Amino acid sequence: INERKRRVDNQMSVLAVQSKLGKSLSSLKGFELYHPSRTFVYEGRSHELKNNSKHVKDRVVVVFSDMVLWATYPGYKYKGHRPMEETVVLRTRIKDPRDT
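Report follows, based on the coordinates. None of these values were measured; they are calculated from a predicted model. (Residues numbered from 1 in each chain as written. Predicted model: local features only at pLDDT ≥ 70, side-chain atom pairs only at ≥ 80, totals over all residues. Heavy atoms only, no water.)

Take Glu 48: it is sitting in strand 1 (residues 40–49). Within polar-contact distance, the side chain of Glu 48 engages the side chain of Arg 59 at 2.7 Å. With sequence-adjacent residues up to four places away left out, Glu 48 is seen in contact with His 55, Val 56, Lys 57 and Arg 59. (Helix = DSSP H or I, 4+ residues; strand = E, 2+ residues; numbered from the N terminus. Polar contact = N/O pair within 3.5 Å; in protein donor to acceptor, adjacent residues only side chain to side chain. Contact = heavy atoms within 4.5 Å.)

Another aspect to go through is helix 1 (residues 2–21). Helix length check: helix 1 (20 residues) gives 29 Å between terminal C-alpha atoms against 28 Å at 1.5 Å per residue, within 8%. In this structure, the buried side of helix 1 is in contact with strand 1, strand 2 (56–64), strand 3 (67–72) and strand 4 (78–83). Backbone geometry just downstream of helix 1 places Gly 22 in the positive-phi region, at approximately 50°. (Expected span 1.5 Å × (residues − 1).)

Moving on: the nonpolar core. Core analysis: the largest hydrophobic core is formed by 14 residues, its most contacted members being Val 17, Leu 21, Leu 25, Leu 33, Phe 64, Met 67 and Leu 69. Leu 25 has contacts with Gln 18, Phe 31, Leu 33 and Tyr 78, leaving out every residue within four places of it along the chain. (Core = buried A, V, L, I, M, F, W, Y, C linked by side-chain atoms within 4.5 Å. Buried < 20%, exposed > 50% of the residue type's maximum accessible area, 1.4 Å probe, protein only.)

Quick look at the packing of aromatic side chains now. In the structure shown here, the tally under the stated rule is three aromatic pairs. Aromatic pair Phe 31 and Tyr 78: ring centres 6.3 Å apart, planes at 40°, arrangement tilted. In this pair, Phe 31 is assigned in the loop between helix 1 and strand 1 and Tyr 78 in strand 4, connecting sequence segments 47 residues apart. What makes Tyr 78 buried here is its relative accessible area of 14%. Between Tyr 73 and Tyr 76 the ring centres are 6.3 Å apart and the planes differ by 65°, which places this aromatic pair in the edge-to-face class. (Phe/Tyr/Trp six-rings, centres within 6.5 Å; stacked < 30°, edge-to-face > 60°.)

Time to look at the sheet that holds strand 3. If you trace the four strands from one edge of the open sheet to the other, you get 1-2-3-4, paired in antiparallel fashion. Strands with a single pairing partner mark the edges of an open sheet, and in this sheet they are strand 1 and strand 4. Between one strand axis and the next, the sheet turns by 20° as a mean value, whatever way the strands run. The sheet contact formed by strand 2 and strand 3 spans five bridges and is antiparallel. Paired with Arg 59 across the bridge in strand 3 is Thr 72. Sitting on the sheet, helix 1 touches strand 1, strand 2, strand 3 and strand 4, and the angle it makes with strand 1 is about 35°. (Pairing = 2+ DSSP bridges. Axes fitted to C-alpha atoms, helices over the stretch in contact; angles between N-to-C directions.)

What follows is the structure, encoded as structure tokens:
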């Protein structure tokens, strides 16, 4: 019973992320966030820095067993995803360039 509850809770977590992303996923032909074998691992906020600029974009990052997905924050507009085998996830503390 505990394993079944764990699977249902996990499916609900994946569906909750899918709901937050809403219509922004509809532009991706053939992409389905929900898959029975996909396991939700982590959801948290992050910052995106491009080309060493001082322009920082807030993002939400969602880690699943087979991929990492990122979206705008707030708003949860889909921005991209990568298969887990092509991804290295590091947790770091970097000084925010806006604080200089």
